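Structure assessment
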Amino acid sequence: TCITGFTLIETVVSLAIFSISITAIIVVTSQDVANSLIAKNKFIANYLAQEGIELIRNVRDTTMMDSSKRWSDFTAGKIGGCFSSTTTPGCAIDGSLDFPEITTCSSIDCPEAQLYIDSSNGIYNSSSSNNNQKTLFKRIITAENVRGVTGSDEVLITSTVSWTQGLEVRTVKVSENLFNWIQL
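Criteria and cut-off values
- Residues numbered from 1 in each chain as written.
- Predicted model: local features only at pLDDT ≥ 70, side-chain atom pairs only at ≥ 80, totals over all residues.
- Heavy atoms only, no water.
- Disulfide = S-S within 2.5 Å.
- Buried < 20%, exposed > 50% of the residue type's maximum accessible area, 1.4 Å probe, protein only.
- Helix = DSSP H or I, 4+ residues; strand = E, 2+ residues; numbered from the N terminus.
- Polar contact = N/O pair within 3.5 Å; in protein donor to acceptor, adjacent residues only side chain to side chain.
- Contact = heavy atoms within 4.5 Å.
- Salt bridge = Lys/Arg side-chain N within 4 Å of Asp/Glu carboxyl O.

What follows is about the state of the cysteines. A full pass over the atoms with the stated rule returns two disulfides. Paired through a disulfide, Cys82 and Cys91 show a sulfur-sulfur distance of 1.9 Å. Negative torsions about the S-S bond denote left-handed disulfides, and the value of about 80° found for Cys82 with Cys91 makes this one right-handed. Judged on exposure class, the residue Cys82 and its partner Cys91 are both buried. Covalently, Cys105 is tied to Cys110 through a disulfide, its sulfur atoms 2.0 Å apart. Across the S-S bond of Cys105 and Cys110 the torsion is about -70°, and the bridge reads as left-handed. A relative accessible area of 2% means that Cys105 is categorised as buried.

Here you go:
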């Protein structure tokens, strides 16, 4: 006699194989989604960090173009609060204004560094008002005298963007030396 159909054991084994296959596909897909979200946030953070350097360069150039200003007006005045200390990690900068506004961090966690995005135009800024939505990102700018010499014609600017993704704090840092390009 010929028996047709599946036995109970064959059915259970085939369901187990099918379940393992579906579970593997779901795990791989969810990992790909997480990796692409990490890559997206790292991409955004890299641009925000580079923008921080560009904004500080803009402040330097605008300050130096004013004939009544000197290099020290930029280093001690404009970015004086960006030199980190034991009480503050540096400063925050808002580039959404006509002239970038620099704010010294009020504490070691620097709430001023929180970035918001204006939902009407997609521009990142430091203001929690109007159309602005809080983002994952914080940007802190630090300044450091090159070779430890205060008043030298060179300052190292570092723009650090950080965000929390899952349980991990991620950071992107961009640094550049800015020079006193006006010789008196």
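Next comes the rest of the write-up.
Turning to the side chain of Gln165, a few remarks are in order. By the secondary structure assignment, Gln165 is in strand β6 (residues 154–165). We classify Gln165 as buried; its relative accessible area is 13%. Side chain to side chain, Gln165 and Trp163 meet in a polar contact 2.9 Å long. In this structure, Gln165 is in contact with Leu37, Ile38, Asn41 and Arg170, ignoring residues within four places of it in sequence.

Moving on, we get to the environment of Thr142. By the secondary structure assignment, Thr142 is in strand β5 (residues 132–145). Residues contacting Thr142, with those up to four places away along its chain left out, are Cys82, Ser84, Pro89, Gly90, Leu156, Ile157 and Thr158.

Side chains that differ in charge, positive against negative, can pair when their charged atoms come close. Under the definition given, this model contains five salt bridges. Note that Glu51 and Arg139 form a salt bridge whose closest N and O atoms lie 2.7 Å from each other. Here Arg139 lies in strand β5 and Glu51 lies in helix α1 (residues 8–65), a separation of 88 residues in the sequence. The exposure class assigned to Glu51 is partly exposed, which follows from its relative accessible area of 29%.

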